[in-house]
Amino acid sequence: MSLAKRAVTCGLTCALALGVFASPALADPQSELAAAQERMEALGSELSVLQGDLADLSSELERTDNEMERTQESIDETQLQLADARATLSMHVRSGYKSGGFDAVEFILSSSSLEDFVSRFHYMEKVNASEVAQINAVHELEQSLETELAQLEDQRAVQAVRVSDAEAKVAEYEQLVSEAQAYYWDLDAQVQAELAAAAAQEAAEQEAAAQALAAAVAVAEDTTTSESTDEGSQTEETQEETYETQEDTQQQETVPEESSSSYDTGGSCYPGGGVASAYSCIGWDYVWGGFGPSMGGFDCSGLVSYCYGDGSWRRGCESFAWAIQNAGLWKYGMENLSYGDLLFTDSEYNHVGIYIGDGMMIHSPTFGRTVCVDAVWSCYGGGPFVMP
């Protein structure tokens, strides 16, 4: 291969390779979702405060109602006492002030003088003085209780207005919280759909770029082979092949196994190589329960089982998560993960991928998709592979 052709081929290869990885990074699709969640939580917190205020006001109103009931019972009781006392006094007056076996009226009228008459009359007045005092005391108690009842009624009216206002405020915030929740869940569904669409588009672009790269390299090699045959210089060709072999060897020593595997489109794959195996599996179909080429593809935990095992067994997502935790190696948050760590997208361990840094992972997404490199849309935590 001539130096000029080598430069052309190398330049074309680099351009196409950059095309695979230079696709614009996904914008943060969860920023608006996070804002919606923050608003939903703020409204929920305010609603909780308002519900507490309503409970306090309702308790005060209930206490006032109880006091009014007790006060009314006291008023009824004093009215009965007052009626009894008045009836007793009236009976004494009607009896003609009879006492001690003689007529009190005759006792007064039989006085010997005016001065004696006045003295006897005042004496008879004192006979019922205690009954009159009792009547007055009961009457004063009745008036006091009626005044207290009127005050309680005024207090209750104010409290009832406050309770009504609090109920209206709570109803308003319940509606706001309901709307915020509905908006959040609708937005969450949209975000997940956008992420899935973006991942599918990126996978398609990567596959197209890989095919274009392979075609371009084949064309360049065919052209170079033809030119080399026309030149007919065996010595120069041998020297150049030696030079190519040395340069390829240097490139292979420089590029890590994982990076060179990133161009594999799934034509062949091998188990037990960790991230390198994951790259080699790119392009294989998602198959529920699958854990190898013999099954036609992988599901998410099957891919992990294959890449970190010998291809003869499969474990579920949850068993991988518990193995990491039991080993004391669990890490929360994507920022704490290392290259090659397992990454779980939620606290229920429903999905697992293999983290490759820069917010990206290799995983087998879902039905209708293939093993691919995807942006991490959610990370609950993870850690290094541990045999369950």
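Per chain, residue numbering runs from 1 following the sequence as it is written. Selection of residues for local features in this predicted model requires a pLDDT of at least 70, selection of side-chain atom pairs for listing and counting requires 80 or more, and totals for whole chains, interfaces and linings are taken over all residues. Heavy atoms from the whole structure form the basis of all side-chain values; hydrogens and water molecules are not counted.

Could you give me a rundown of the overall build of the protein chain, with the residues and numbers involved?
Put simply, DSSP marks the helices as runs of H or I at least four residues long and the strands as runs of E at least two long, and each gets a number from the N terminus on. For the protein chain, the count of helices and strands is 10 helices and 9 strands. For the protein chain, the residues scored as buried account for 34% of the 388 residues in total. For the protein chain, the exposed surface amounts to about 22600 Å²; the carbon and sulfur share of it is 53%. Three labels apply to residues, based on accessible area from a 1.4 Å probe with only protein chains included: buried if under 20% of the type maximum, exposed if over 50%, partly exposed otherwise in between. Residue exposure ignores everything except the shown protein chains as possible cover, and the areas themselves are Shrake-Rupley values with a 1.4 Å probe.

Which residues make up the packing of aromatic side chains, and what are the values?
Aromatic pairs are defined between Phe, Tyr and Trp rings, using the six-membered ring for Trp, whenever the two ring centres lie within 6.5 Å; interplanar angles under 30 degrees are classed as stacked, those over 60 as edge-to-face, and all others as tilted. Applying the stated criterion across every chain yields a total of 12 aromatic pairs. Centre to centre, the rings of W330 and Y349 are 6.0 Å apart; their planes meet at 80°, and the pair counts as edge-to-face. Within this pair, whereas W330 is found in the loop between α10 (317-326) and β4 (331-332), its partner Y349 is found in the loop between β5 (342-344) and β6 (352-357), the two being separated by 19 residues in sequence. Overall, W330 belongs to the buried group, its relative accessible area being 14%.

Please provide a residue-by-residue account of helix α9 (residues 300-308), values included.
Burial analysis of α9 places 8 of its 9 residues in the buried class, which makes it a mostly covered element. Among the residues making up α9, those that are buried are C300, S301, G302, L303, V304, S305, Y306 and C307.

Go over the sheet that holds strand β1 (residues 285-286), please, and point to the residues and values.
Strands qualify as paired when DSSP identifies two bridges or more between them. The sheet built from 3 strands is open, its strands ordered β1-β3-β2 with mixed pairing. Of all the strands in the sheet, just β1 and β2 (291-292) have a single pairing partner and so form its edges. Examined bridge by bridge, β2 and strand β3 (residues 297-298) share 2 bridges and lie antiparallel to one another. Of the residues in β3, the one forming a bridge with F291 is F298.

Explain the environment of R70 to me, and be specific about the residues and the numbers.
As for its placement among the helices and strands, R70 is situated in helix α2 (residues 31-94). The spatial distance from the C-alpha of R70 to the C-alpha of L149 is 9.5 Å, given a sequence separation of 79 residues.

Lay out the sheet that holds β5 in plain terms, naming residues and giving numbers.
If you trace the 6 strands from one edge of the open sheet to the other, you get β4-β9-β5-β6-β7-β8, paired in antiparallel fashion. Each edge of the open sheet carries a strand with a single partner, namely β4 and β8 (372-375). Sheet analysis places β5 next to β6, joined by 3 bridges and oriented antiparallel. For L343, the partnering residue across the bridge sits in β6 and is G353. Its contacts with the sheet place α9 against β5, β6 and β7 (360-363), and it is angled at close to 60° to β6. Contacts are assigned to residue pairs with any non-hydrogen atoms lying within 4.5 Å of each other. Only C-alpha atoms enter the line fits that serve as axes; for helices the fit covers just the stretch in contact. Angles between N-to-C directions range over 0 to 180 degrees.

Go over the confidence of the model for the protein chain with me, naming the residues and quoting the values.
Looking at any residue, its pLDDT shows the predictor's confidence there, from 0 to 100. Overall, the predicted model of the protein chain reaches an average pLDDT of 77, with 69% of residues at or above 70. A low-confidence stretch, residues 235-240 stays under pLDDT 50, and its non-local contacts, those more than four residues away or across chains, total 5 contacts. In this model residues 242-266 is a low-confidence stretch, pLDDT under 50, and it forms 30 contacts with partners more than four residues away in sequence or in other chains.

How would you explain the side chain of Q159 if you had to name every residue and give the values?
Looking at the secondary structure, you find Q159 in helix α5 (residues 129-231). Here Q159 falls in the buried class, since its relative accessible area comes to 9%.

Explain the nonpolar core to me, and be specific about the residues and the numbers.
By size, the foremost hydrophobic cluster in this structure holds 30 residues, and its most contacted members are C281, F298, L342, F344, I362 and V371. Sorting the residues of this core by element identifies α8 (275-280), α9, α10, β5 and β6 as the ones contributing at least two each. Throughout, nonpolar core names a set of buried Ala, Val, Leu, Ile, Met, Phe, Trp, Tyr and Cys residues whose side chains join them through atoms within 4.5 Å. Counting 18 residues, the second-largest nonpolar core is a separate cluster that includes L47, Y173, A180 and L187.

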